[in-house]
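As a plain string of letters, each chain reads:
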2 protein chains.
Amino acid sequence: MKFQILQEKLKEGLSIIERVVSRSLTLPILNNVLIEAGKNFLCLSSTDLEIGIKWWALTKTEKEGSITVPSKLLSGFVGLLPNKKIEAGALKNDFFSIECEECKTKIKGLSAEEFPLIPKVSKEEFISVKSSEFCRNLAQIADIPALSATRPEISGIYFSFQKNQIISASTDSFRLGEKKMTPLKSSLLSPKTLIVPQKTIKEVINIFGIKETELKIYFSPNQIMFESLMQETDHPEVQLVSRLIEGSYPNYQEIIPKKFTTKLILNKEEFLAQLKQASLFSSKTGEIKLKREDSRVEILSQNTELGEHESFIYSKIEGEKFEISFNHRFLSDGISKTKSEDISLELNGDSGPGVVRSPGDDSYTYVVMPIKGN
Amino acid sequence: MKFQILQEKLKEGLSIIERVVSRSLTLPILNNVLIEAGKNFLCLSSTDLEIGIKWWALTKTEKEGSITVPSKLLSGFVGLLPNKKIEAGALKNDFFSIECEECKTKIKGLSAEEFPLIPKVSKEEFISVKSSEFCRNLAQIADIPALSATRPEISGIYFSFQKNQIISASTDSFRLGEKKMTPLKSSLLSPKTLIVPQKTIKEVINIFGIKETELKIYFSPNQIMFESLMQETDHPEVQLVSRLIEGSYPNYQEIIPKKFTTKLILNKEEFLAQLKQASLFSSKTGEIKLKREDSRVEILSQNTELGEHESFIYSKIEGEKFEISFNHRFLSDGISKTKSEDISLELNGDSGPGVVRSPGDDSYTYVVMPIKGN
């Protein structure tokens, strides 16, 4: 194997690839990146057996071949090199050699034959989205799931891919987020309903969130694949393949209230700032209380060991009086993920769920359960 | 107690004061800041029993008094408030009350009487320096000491304060740094030789390093005090009092070689970059080898598990051939702390200490021991 590549390009690929490298003691090859020099393309691959990533770049290949090398070491080393031409190669399948400017390096590797296969995903049906916009949308609900051994299905993010709509949702049983989006293109023959691991979605956001390209999504019965293409070619640049979570997602639509008893319109930044102040004096359950006080909302928190705090925020208030307690973090999380200057908070009595939305935008819905029994 | 202060001012004071707050379970009052409202000044104090800090600001005091309050909580809370006027007070010596804009807060405190005294330091003799310059100078050697239970004296930083010169030095027995400075003013009757804890010097750098004022240093037999004044007044703004380390500092001057067998002049950034690359392939002892190769220095590292690396750097070389091994971190540390574009590295055979300096500047000297026996 022998090829040439610019330091900057190789660094870019390694920074994507090393995101899923595991630190496996039982299967050391999972710490490695697979380097394959083909006729015109260099391909880097990594996998943690749940997620696999492949990345391609155009290269000058003098001699085709492949090897695997410890990913963190290679990435750390390449990051320290100047942005000049790198001459890379393999010595007897044991060492990966790098020459750049005044330096010569040999890194001990493992044979490419031992590297696990990354599953192939059928390209029969796809749906596509604008990469950065899709990732910004997903980021609104991607932090909600909590790892749950007893209910693995809610540790992932629910998707319903339909011809003209994508619905995503997540919950940790204390709160629920839903985000609706419109696809760019679609060749779906039937809707796809599936649960994607949270880690996968976080990596999708990290890798594809900075790209202003089209992001194609493909489906297999147990796998999903996200793919972006190289600029001005049909050749893939990045493919991320992930397993899906088995099981059926709870019928979460039932939980979203259809009406409300009180509706508040609040300035988002001001409300978040006051919730943060109040949070310092909340009890162990993170409880803060909201209460109507004429045309203002009073925010109260109290902790016998630390002290107490009250503050007021002006609000448009429609509907009944209220006095309701929430976990400050769960309430703030949902509000901070809205994309508007004001937010609406709909309440359902003093013990029903609260609903956070951006006024005039029903693509994002956040339901938060109150703390009961005060 | 009742006083008024701007949020920004109080935040500034708390950010200084909370640096030495300890998280003491046995003596909870050490977690607290002492708040004293005097006639025209507010004074905040904190101590971890080794270092004590006092900070003053002009205030409008309606009623004098004092209380202590958990430092991290108060600092975190004040940091979240808008930069507006704060009305603060004490309620029955139990609670510290804060009102700012639309919020009212009570924080549970402890009586000021329980707060430990911060030692007084005599103002008879002093030496003064330019605050930010003094801190930049100390930063060149402040990271060197290592905590040592068996040799507590080298876990601190050595000072010799003389009428016309300040000499500071530190070592961890593998390397040694010395920095000489010129004082601004001095009323010293006799030279003062003492050892200051590393933590104290790090806090001095953090607190006084951003100030362009005069920094006065006072001495007691077992304490040292650093003091800056409020702008355009004679009133102290910050006082930091620290205990000293007992014992006598090793006669380190003996270790600094008086001559050399080889002298290299190297570009600092380039040499540091190459040392960092080489460090990834160094052995467990952090060993990298330097070797003369015509008019270049060859840098070599080798690790049986990871691979090997060699690179070359052009250098002015004066004197004998050499082949010498250093711990890469110890060598890089001393080089990175120089303030010049080029550095000089003086060698003393293949097993004598190396000396790093800035060419033409003898205020900074860094001695590093080689790794022997290859």
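Criteria and thresholds
- Residues numbered from 1 in each chain as written.
- Chains lettered and ligands numbered in written order.
- Predicted model: local features only at pLDDT ≥ 70, side-chain atom pairs only at ≥ 80, totals over all residues.
- Heavy atoms only, no water.
- 1 Å grid on protein atoms, 1.4 Å probe; cavity = no way out; pocket = protein on both sides within 12 Å on 5 of 7 lines; lining within 4 Å.
- Points joined across faces, edges and corners; volume = space filled by probe spheres on them.
- Helix = DSSP H or I, 4+ residues; strand = E, 2+ residues; numbered from the N terminus.
- Nonpolar A, V, L, I, M, F, W, Y, C, P; charged D, E, K, R; others polar.
- Contact = heavy atoms within 4.5 Å.
- Buried area = accessible area lost by both parts, 1.4 Å probe.
- Salt bridge = Lys/Arg side-chain N within 4 Å of Asp/Glu carboxyl O.
- Polar contact = N/O pair within 3.5 Å; in protein donor to acceptor, adjacent residues only side chain to side chain.
- Pairing = 2+ DSSP bridges.
- Axes fitted to C-alpha atoms, helices over the stretch in contact; angles between N-to-C directions.
- Phe/Tyr/Trp six-rings, centres within 6.5 Å; stacked < 30°, edge-to-face > 60°.
- Buried < 20%, exposed > 50% of the residue type's maximum accessible area, 1.4 Å probe, protein only.
- Lys NZ or Arg CZ within 6 Å of the ring centre and 35° of its normal.
- Parallel < 35°, antiparallel > 145°, perpendicular 65-115°, else oblique.
- Left-handed = near helix turned anticlockwise from the far one by under 90°.
- UniProt positions renumbered as here; feature names shortened; annotations may be inferred.
- Domains from an automatic or database assignment.

A. Molecular detail of the layout of surface pockets. The volume enclosed by the largest pocket comes to roughly 470 Å³. In terms of lining, the largest pocket is formed by 25 residues, of which the most central are A:Lys104, A:Thr105, A:Lys106, B:Glu308 and B:Glu310. Elements represented by at least two residues in the lining of the largest pocket include exactly strand S7 (85-91), strand S8 (95-100) and strand S9 (103-108) of chain A together with strand S20 (287-293), strand S21 (296-303) and strand S22 (307-314) of chain B. Considering each element in turn, the lining of the largest pocket owes the most residues, 5 residues, to S7(A). In terms of residue class, the lining of the largest pocket is built from 7 nonpolar, 8 polar and 10 charged.

B. Spatial organisation of the interface of chain B and chain A. Taken together, the contact between chain B and chain A spans 28 residues of the former and 28 residues of the latter. Carbon and sulfur atoms supply 61% of the area buried between chain B and chain A, which totals about 2,500 Å² over both sides. Considering only the surface of chain B that becomes buried against chain A, B:Leu80, B:Glu102 and B:Gln277 emerge as the three largest contributors, covering 23% of it. One can count 4 salt bridges joining chain B with chain A. We note a salt bridge from B:Arg296 to A:Glu102, for which the minimum N-O separation is 3.1 Å. Where chain B meets chain A, there are 14 residue pairs in polar contact (both at pLDDT 80 or more).

C. Local environment of the environment of B:Lys291. Residue and element names in this part refer to chain B. For Lys291, the position within the fold is in strand S20. C-alpha of Lys291 to C-alpha of Ser325: the two residues are 34 residues apart in sequence and 8.8 Å apart in space. Beyond its immediate sequence surroundings of up to four residues, Lys291 is in contact with Arg296, Val297, Glu298, Leu300, Phe322 and Glu323.

D. The sheet that holds strand S11 (residues 156-161) of chain B, seen in detail. Residues and elements named next belong to chain B. With respect to topology, 9 strands assemble into an open sheet ordered S15-S11-S12-S13-S27-S26-S25-S19-S23, the strand pairing being antiparallel. Looking along the sheet, the strands with just one partner apiece sit at the ends: strand S15 (192-197) and strand S23 (316-319). Averaged over all adjacent pairs, the angle separating strand axes in this sheet is 20 degrees, with direction ignored. Here strand S12 (residues 166-171) runs beside strand S13 (residues 175-181); their pairing, made up of 6 bridges, is antiparallel. Of the residues in S13, the one forming a bridge with Ala169 is Glu178.

E. Examining the packing of aromatic side chains more closely. With the rule as written, the count across this model stands at 18 aromatic pairs over all chains. Ring plane angle 80 degrees and centroid distance 5.4 Å describe the contact between A:Phe281 and B:Phe77, whose orientation is recorded as edge-to-face. With A:Phe281 in the loop between helix H5 (268-279) and strand S20 (287-293) and B:Phe77 in helix H2 (residues 71-80), this residue pair bridges two chains. Across the pair, exposure class does not vary: A:Phe281 and B:Phe77 are buried alike. Here the basic side chain of A:Lys216 rests over the ring of A:Phe126, its NZ or CZ set 4.7 Å away from the ring centre. Here the basic side chain of B:Arg296 rests over the ring of B:Phe312, its NZ or CZ set 4.1 Å away from the ring centre.

F. Region of interest: the packing of helix H5 (residues 268-279) of chain B against helix H6 (residues 328-336) of chain B. Residue and element names in this part refer to chain B. Packing of H5 against H6 leaves a shortest axis separation of 10 Å and a crossing angle of 160 degrees. In terms of orientation, H5 and H6 fall into the roughly antiparallel class. As H5 runs across H6, the sense of the crossing is left-handed. Residues Lys268, Phe271, Leu272, Leu275 and Ser279 of H5 touch H6, and the partners they reach there are His328, Leu331, Ser332, Ile335 and Ser336. A breakdown of the residues in the contact of H5 with H6 according to their chemical character gives 5 nonpolar, 4 polar and 1 charged.

G. Up close: the UniProt feature "domain: DNA polymerase III beta sliding clamp N-terminal" (unreviewed entry) in chain A. In this numbering, the UniProt entry assigns the feature "domain: DNA polymerase III beta sliding clamp N-terminal" (unreviewed entry) to residues 1-119 of chain A. Span residues 1-119 of chain A is 18% helix and 46% strand, its end C-alpha atoms 25 Å apart.

H. Broad picture of the domain arrangement of chain A. Residues and elements named next belong to chain A. Structurally, chain A comprises domain 1 (2-114), domain 2 (126-253) and domain 3 (256-368). Taken over C-alpha atoms, the centre of domain 2 sits 29 Å from the centre of domain 3. The partner domain 3 presents 14 residues to the 17 residues of domain 2 that form the contact. In total, domain 2 and domain 3 occlude about 1,300 Å² of area from one another, counting both sides; carbon and sulfur atoms represent 44% of this. Of all residues in domain 2, Gln140, Arg175 and Glu178 give up the largest surface area on contact with domain 3, accounting jointly for 44% of the area buried on that side. Joining domain 2 to domain 3, the criterion identifies 2 salt bridges.

I. Up close: the sheet that holds strand S17 (residues 223-229) of chain B. Residue and element names in this part refer to chain B. Strand order in the open sheet formed by 9 strands is S6-S2-S3-S4-S18-S17-S16-S10-S14, and the pairing between neighbours is antiparallel. With one partner strand each, in any of the chains shown, strand S6 (65-70) and strand S14 (185-186) form the two edges of the open sheet. The strands touched by H2 within the sheet are strand S2 (32-37) and S6, with S6 carrying the most contacts at an inclination of about 90 degrees. Sheet contacts for helix H4 (residues 198-208): strand S4 (51-58), strand S16 (214-219), S17 and strand S18 (236-243); angle to S18, the most-contacted strand, approximately 170 degrees.

J. Structural view of the pairing of strand S22 (residues 307-314) of chain A. Where strand S21 (residues 296-303) of chain A lies against S22(A), 8 bridges are found, and the strand directions are antiparallel. Counted as the bridge partner of A:Ile299 is A:Ser311 from S22(A). Counting the residues that bridge the hairpin from S21(A) to S22(A) gives 3 residues. As judged from the 5 bridges shared by S22(A) and strand S9 (residues 103-108) of chain B, these two strands associate in the antiparallel manner. By the bridge assignment, A:Glu308 is partnered in S9(B) with B:Lys106.

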